[in-house]
Amino acid sequence: MKGEGFMKKLLGAVLALLPTSVIANPACPVCTIAIGAGLDIARRLGVPDSVVGLWAGALLTLVGYWMLKFMDKKNWHFRGRDAIVIILSVAMIGFVYLGTVQYNPVSICGAFVMDPVLFGTICGALIFIGTGKLYQWMKNKNGGHAHFPFEKVVLPIVALALASWAMMICF
């Protein structure tokens, strides 16, 4: 009888090693917590507020996408739902101005005047949304398949990293 329990465990371990398909989700909780913690660390290290805002905008957009997934599961649909949820999600950046961040408008590359955190947040949200659309377009062009594993995750991270570099130069 003792050998029978061991055999079941061994069989379970062997089956666990067999390859299976996995659905990659760029909105995983670990990624979100890592980005959130990274924002605080970046500010402490002296990273410009525009870069911190860039990643905050992407994070808030990600929270909006999570809410949309939740609403899909509950079958809550109404006109303009996706746009309203994403806009409200990104607008949550306003709460940092209530106590954490002082609104400090500066010249953005000589083009207009805006707070760097707010500017970065808007850019981060647009980049995250844009890379999501780009991924869907690329996937459709490739017969419904990604070009490489975790492409859906790599595209926004690379785009945000490049935008961060550009903002470091601009500010």
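Since the structure is predicted, the reported quantities are computational estimates derived from the model, not experimental observations.

Structural remark: α-helix, 3.6 residues per turn; residues separated by three or four positions point the same way. With 25 residues, helix α3 (residues 49-73) ought to run about 36 Å at 1.5 Å a step, and its terminal C-alpha atoms sit 36 Å apart, in line with that. Just downstream of α3, Asn75 is the residue with a positive phi angle, here 60°.

The next point concerns helix α5 (residues 116-141). End to end, α5 covers 37 Å across 26 residues, agreeing with the expected 38 Å (1.5 Å per residue, within 8%). Listed as buried for α5 are Pro116, Val117, Phe119, Gly120, Thr121, Cys123, Gly124, Ala125, Phe128, Thr131, Tyr135 and Met138. Next to the buried residues of α5 lie α3, α4 (81-91), β1 (106-108), β2 (112-114) and α6 (151-170). Gly143 sits one or two residues past α5 and shows a positive phi near 75°.

Counted according to the given criterion, the structure contains two salt bridges. The salt bridge involving Asp72 is made with Arg81; its shortest N-O contact spans 2.9 Å. Judged by relative accessible area, Asp72 falls into the partly exposed class, the value being 40%. Accessibility expressed as a relative area gives 7% for Arg81, which makes it buried. We note a salt bridge from Arg81 to Asp82, for which the minimum N-O separation is 3.0 Å.

Interhelical geometry of α3 versus α5 gives an angle of 45° and a closest axis separation of 6 Å. Considering the angle they form, α3 stands oblique to α5. You can see that α3 and α5 cross each other, and the crossing is right-handed. Together, Asp49, Ser50, Gly53, Leu54, Ala56, Gly57, Ala58, Leu60, Thr61, Leu62 and Tyr65 of α3 and Pro116, Val117, Gly120, Thr121, Cys123, Gly124, Ala125, Ile127, Phe128 and Ile129 of α5 make up the contact between the two elements. Each residue belonging to the contact of α3 with α5 can be placed in one class, and the counts come to 13 nonpolar, seven polar and one charged.

What follows covers the environment of Ile108. Relative to the helices and strands, Ile108 is located in strand β1. Separated by 62 residues in the primary sequence, Ile108 and Cys170 have C-alpha atoms spaced 8.0 Å apart. In this view, Ile108 contacts Met114, Phe119 and Phe171; residues no more than four positions away in its chain are not counted.

Let us now look at the nonpolar core. For soluble globular proteins, nonpolar side chains are generally found buried alongside one another. Counting residues in each nonpolar core, the largest one holds 12 residues, listed as Val51, Leu54, Ala58, Leu62, Ile108, Met114, Phe119, Cys123, Phe128, Leu160, Ala163 and Met167. Taken together, the elements giving at least two residues each to this core come down to α3, α5 and α6. Counting residues per element, this core draws most heavily on α3, at four residues. Beyond its immediate chain neighbours, meaning those up to four positions away, Leu54 contacts Gly120, Thr121, Cys123, Gly124, Ile127, Leu160, Ala163, Ser164 and Met167. With six residues, the next largest nonpolar core counts Leu68, Met71, Val85 and Ile86 among its residues.

This part is about unusual backbone geometry. Here Cys109, not a glycine, exhibits a phi torsion of approximately 50°, which is positive. Positionally, Cys109 belongs in the loop between β1 and β2. One non-glycine residue, Phe150, lies in positive phi territory at about 60°. Here Phe150 is to be found in the loop between α5 and α6. With relative accessibility at 53%, the residue Phe150 sits in the exposed group.

Rules used in this analysis
Residues numbered from 1 in each chain as written. Predicted model: local features only at pLDDT ≥ 70, side-chain atom pairs only at ≥ 80, totals over all residues. Heavy atoms only, no water. Helix = DSSP H or I, 4+ residues; strand = E, 2+ residues; numbered from the N terminus. Expected span 1.5 Å × (residues − 1). Buried < 20%, exposed > 50% of the residue type's maximum accessible area, 1.4 Å probe, protein only. Contact = heavy atoms within 4.5 Å. Salt bridge = Lys/Arg side-chain N within 4 Å of Asp/Glu carboxyl O. Axes fitted to C-alpha atoms, helices over the stretch in contact; angles between N-to-C directions. Parallel < 35°, antiparallel > 145°, perpendicular 65-115°, else oblique. Left-handed = near helix turned anticlockwise from the far one by under 90°. Nonpolar A, V, L, I, M, F, W, Y, C, P; charged D, E, K, R; others polar. Core = buried A, V, L, I, M, F, W, Y, C linked by side-chain atoms within 4.5 Å.

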